[in-house]
Amino acid sequence: MKPYQKEFITFAITHKVLTFGSFKLKSGRTSPYFFNAGLFNTGEALTEIGKFYAAALQDSGLEFDVLFGPAYKGIPLVSALSIALHTQHQKNVPYSFNRKEKKDHGEGGSIVGSKLAGKIVVVDDVITAGTAIRESVGVITNEGSQLSGVLIALDRREKGTDTDLSAIQQVENDYGVPVVAIVTLDNVLEYLQEVGGYDAAVADITAYRAQWGI
């Protein structure tokens, strides 16, 4: 695990974005942990999360011309990433995001920000069912651009409800592009074991992964 990954997990736990306990998921499963990127909701948090996304993107080797954040959670994340790429890595990368409904006045259309041109990386928090990514691919292809990859915060490494593939693996198979995560569930487990004091969480996550993990 790389230093920025450890720092990200520490930061996520400190801000209660990553919590441990018993959580009912949309899938109906009861998960021993929960990740809520919506709690990265201060200037400090957005500054830091942008740095972590930028580090992971730099580490990935993905080629890209424009960053795209799907509405709604992807909007602050792609903004923070674009700022971090400029301030931390001296890269001035354009970004854009979509509206849920097309605007029929002013500049019109459903895309805000840079024109989607060339290779596009989609930025989001997690992939649960892949719905936001599929919608994003539709937007990108309609603009005549190419999906280069997807960048998320956490890979749960968990089977879908009706398949042995995870939602991330399904996206990778469907579109032939990599999905890059700042951290995976394996990284989280490694971190918890390393820092200590999370014996119950480690046991619960290990059992959950044995049942639902890929």
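These figures come from a predicted structure and were not determined experimentally.

Novice: Explanation requested: the pairing of strand 1 (residues 18-24) in the structure shown.
Specialist: The side chains of a regular strand alternate, first on one face of the sheet and then on the other. Strand direction decides the pairing type here: strand 1 and strand 2 (residues 30-35), joined by five bridges, are antiparallel. Residue pairing in the sheet places Thr19 in a bridge with Phe34 of strand 2. Here strand 1 folds back onto strand 2, and the loop between the two strands holds five residues, one of which, Gly28, carries a positive phi near 95°.

Novice: Mind showing me how you'd approach the pattern of salt bridges here?
Specialist: Close approach of charged atoms allows side chains with opposite charge to pair. Considering all chains together, one arrives at twelve salt bridges under this definition. With a closest N to O distance of 3.5 Å, Asp125 and Lys73 form a salt bridge. Separated by 52 residues along the polypeptide, Asp125 in the loop between strand 6 (119-123) and helix 4 (131-142) and Lys73 in the loop between strand 3 (66-69) and helix 3 (74-89) bring together distant segments of the chain. Note on Lys73: relative accessible area 42%, which makes it partly exposed.

Novice: Can you help me understand helix 1 (residues 3-14) in this one?
Specialist: Note: α-helices contain 3.6 residues per turn, so residues at a spacing of three or four share the same orientation. Taking 1.5 Å as the rise per residue, helix 1 with twelve residues should run 16 Å; its terminal C-alpha atoms sit 17 Å apart, in good agreement. Turning to helix 1, its buried residues are Tyr4, Gln5, Phe8, Ile9, Phe11, Ala12 and Ile13. Tucked inside the fold, the buried residues of helix 1 contact strand 1, strand 2, helix 2 (43-60), strand 7 (146-155), strand 8 (179-184) and helix 6 (185-195). Once helix 1 ends, the next one or two residues include Lys16, with phi positive near 60°.

Novice: What is the right way to look at the side chain of Asp125 in this model?
Specialist: Given the relative accessible area of 8%, Asp125 is considered buried. Setting aside chain neighbours within four positions, we find Asp125 in contact with Ala37, Tyr53, Lys73, Leu77, Ile152, Ala153 and Leu154.

What counts, and at which threshold
- Residues numbered from 1 in each chain as written.
- Predicted model: local features only at pLDDT ≥ 70, side-chain atom pairs only at ≥ 80, totals over all residues.
- Heavy atoms only, no water.
- Pairing = 2+ DSSP bridges.
- Helix = DSSP H or I, 4+ residues; strand = E, 2+ residues; numbered from the N terminus.
- Salt bridge = Lys/Arg side-chain N within 4 Å of Asp/Glu carboxyl O.
- Buried < 20%, exposed > 50% of the residue type's maximum accessible area, 1.4 Å probe, protein only.
- Expected span 1.5 Å × (residues − 1).
- Contact = heavy atoms within 4.5 Å.

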